[in-house]
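# An overview of the molecular structure
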Amino acid sequence: MTVRPAASETGDPLLLTPGPLTTSKAVKEVMVHDWGSRDQAFIDINQAVRDGVVKVAGGERTHTCVPMQGSGTFSVEAMITSFVPRDGKVLILVNGAYGKRAGKICDYHARAYVTYETPEDTPPSVEEIGRLLDEDKEITHVFAVHCETTSGILNPIKAIADMVQAKGRRLLVDSMSAFGALPIDAKSVHYDALAASSNKCLEGIPGMGFVVCRLSALAETEGNANALTLDLFDQWKSMEANKQWRFTPPIHVIVSLDQAIKEFFAEGGVEGRGGRYANNCRVLVEGMRDLGFETLLPDDLQAPIIITFHKPADANFHFETFYNMLAERGYLIYPGKLTVADSFRIGCIGRLHESHMQGAVDAVREVLREMGVSNCAPARAAE
Ligand SMILES: *Cc1c(COP(=O)(O)O)cnc(C)c1O
């Protein structure tokens, strides 16, 4: 190969994945210091991050941000086990791996639940949710995934929230891969809690998540949690009392998230960030369709986060080779996670711009030529 591989601001391969993702140079550079966890300098940064997250959510005065150590799943587990009382019952909306994971969390913690499952390319029907809630009065909470990263599908979170509220139940949202890029305004979407993390659309580094909580709902959760480390009520009360984390905070992650949030607002908030991702998504999808690839989802169900492409049926196409040859060119993509079809995924979030997406499409074209793949159409289901 004669051309230099594509690279981020720090010379690293571009991560076309749904997190960890490519971050700005400044987000990494602010970490080259030490901070005392009980020192005012860090306490101020921690408060700025919590306030920043609430501002992204549009929940000033009505909501609070309770941060949690660990990857995003730790926050989802903390949200479910802190908000659902031990005698509660959850209706889990499933159309991918993250909905299924919520069921697994309920299994571990002995929370009763039922699932309403639709195929990975199909959002739930809001009418059906209403029917299920009418039918089973024991259901106290509904768990929904905003963008199901398994496929990249956008679930109708506002309509779901309206239905759950109309039926007098409570909503928990996994907005991990959407928060910051797709609107979910706390003033118009009624939820008790929403979980997300540092390393997705806020473009920070991995290591912590957070739960945006409606204050009046959080205040009712004392005693629900059955794990000390995941107790959001305790984490909140303690942090409000002394401004400190209960246990060692992921300081460098928090400091870099503070920088990432500053960059987020400088870019124009949800509109600016979401706009850049939508443009990335458009360039990628148009370019890949020009090459003959087919997306799993129609455009109206596609969130501008990660795109699932069907694997070409061409006998010369091997995913491993395809992956490795793209990696050599500086583009790291993602295998598929679908059960319905053979596929792979390309993300369009992180510190990536139109030129990066165009570069990725050009690299795909070149790799296909070298692999001898002439037809990118997927296998047709047998009649
Ligand atoms: C990334 C993600 C999570 C959390 O995954 P971790 O690997 O624990 O960070 C949860 N839900 C969704 C929808 C996600 O995209």
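Residues numbered from 1 in each chain as written. Predicted model: local features only at pLDDT ≥ 70, side-chain atom pairs only at ≥ 80, totals over all residues. Heavy atoms only, no water.

Each helix and strand in the protein was counted, giving twelve helices and 14 strands. The C-alpha radius of gyration of the protein comes to 21 Å, within 12% of the 21 Å expected for a compact globule of 383 residues. For the C-alpha atoms alone, the extent of the protein along its principal axes is close to 60 × 55 × 35 Å. Every one of the 383 residues in the protein was classed for burial, and the buried ones make up 58%. When contacts within the protein are restricted to residue pairs at least 6 apart in sequence, those whose partners lie at least 24 apart make up 73%. (Helix = DSSP H or I, 4+ residues; strand = E, 2+ residues; numbered from the N terminus. Rg over C-alpha atoms; globule rule 2.2 N^0.38 Å. Buried < 20%, exposed > 50% of the residue type's maximum accessible area, 1.4 Å probe, protein only. Contact = heavy atoms within 4.5 Å.)

Domain boundaries assigned for the protein yield domain 1 (14-22 + 269-382) and domain 2 (33-266). Taken together, the contacts link 27 residues of domain 1 with 30 residues of domain 2. Together domain 1 and domain 2 conceal approximately 2,300 Å² of surface at their shared face, both sides included; 59% is due to carbon and sulfur atoms. Between domain 1 and domain 2 we count four salt bridges in total. Our enumeration of links across domain 1 and domain 2 arrives at eleven residue pairs in polar contact (both at pLDDT 80 or more). If you list the elements that add at least two residues to the side of domain 1 that touches domain 2, you get helix 10 (269-290) and strand 11 (306-310). (Domains from an automatic or database assignment. Buried area = accessible area lost by both parts, 1.4 Å probe. Salt bridge = Lys/Arg side-chain N within 4 Å of Asp/Glu carboxyl O. Polar contact = N/O pair within 3.5 Å; in protein donor to acceptor, adjacent residues only side chain to side chain.)

All right, on to the site of the ligand then. The environment of the ligand is made up of Ser71, Gly72, Thr73, Tyr98, Arg101, Val145, Cys147, Thr149, Asp174, Met176, Ser177 and Lys200. At a separation of 2.5 Å, an oxygen atom of the ligand approaches a polar side-chain atom of threonine 73. In the complex, 85% of the free accessible area of the ligand, which totals 380 Å², lies under the protein chains. Put simply, the ligand lies in the largest pocket. (Near = heavy atom within 4 Å. Areas by Shrake-Rupley, 256 points an atom, 1.4 Å probe, with all protein chains shown as cover. 1 Å grid on protein atoms, 1.4 Å probe; cavity = no way out; pocket = protein on both sides within 12 Å on 5 of 7 lines; lining within 4 Å. Sits in = over half its atoms within 2 Å of the grid points.)

Once that is clear, we can look at empty space enclosed by the protein. All told, the structure shown has one cavity of 30 Å³ or more when counted by the stated rule. In this model, the largest cavity occupies a volume close to 30 Å³. Among the residues forming the lining of the largest cavity, the class breakdown is six nonpolar, two polar and no charged. (Points joined across faces, edges and corners; volume = space filled by probe spheres on them. Nonpolar A, V, L, I, M, F, W, Y, C, P; charged D, E, K, R; others polar.)

This next bit is on the packing of helix 5 (residues 126-135) against helix 6 (residues 157-166). Relative orientation of the contacting elements helix 5 and helix 6 amounts to 25°, with a least axis distance of 10 Å. Between helix 5 and helix 6, the angle falls in the class roughly parallel. Seen from above, helix 5 lies across helix 6 with right-handed handedness. Between helix 5 and helix 6, the residues in contact are Val126, Glu127, Ile129, Gly130 and Leu133 and Ala159, Ile160, Met163 and Val164, respectively. For the contact of helix 5 with helix 6, a count of residues per class yields seven nonpolar, one polar and one charged. (Axes fitted to C-alpha atoms, helices over the stretch in contact; angles between N-to-C directions. Parallel < 35°, antiparallel > 145°, perpendicular 65-115°, else oblique. Left-handed = near helix turned anticlockwise from the far one by under 90°.)

Of the pockets and cavities examined, the largest pocket occupies roughly 350 Å³. In this structure, the largest pocket is lined by 25 residues; those nearest its centre are Thr73, Tyr98, Arg101, Met176 and Lys200. A per-element tally of the lining of the largest pocket places helix 4 (residues 97-109) first, with four residues. Tallied by class, residues from the lining of the largest pocket come to eleven nonpolar, nine polar and five charged. Both domains that meet at the lining of the largest pocket, namely domain 1 (14-22 + 269-382) and domain 2 (33-266), each give it at least three residues.

Moving on to the packing of aromatic side chains. Counted by the stated rule, this structure contains twelve aromatic pairs. Ring centres of phenylalanine 319 and tyrosine 323 lie 6.2 Å apart, and the angle between their planes is 50°; on these two criteria the pair is classed as tilted. Of this pair, phenylalanine 319 and tyrosine 323 are both found in helix 11 (residues 319-328), four residues apart, which corresponds to roughly one turn of the helix. Overall, the relative accessible area of 19% leaves phenylalanine 319 in the buried class. A relative accessible area of 25% means that tyrosine 323 is categorised as partly exposed. Here a set of aromatic residues connected by ring pairs shows up, and it is made of Phe293, Phe309, Phe317, Phe319, Phe322, Tyr323 and Phe344. One residue, lysine 55, lies across the ring of phenylalanine 265, its end atom 4.4 Å from the ring centre. Directly above the aromatic system of tryptophan 236 lies the positively charged group of lysine 237, at a separation of 4.6 Å from the ring centroid. (Phe/Tyr/Trp six-rings, centres within 6.5 Å; stacked < 30°, edge-to-face > 60°. Lys NZ or Arg CZ within 6 Å of the ring centre and 35° of its normal.)

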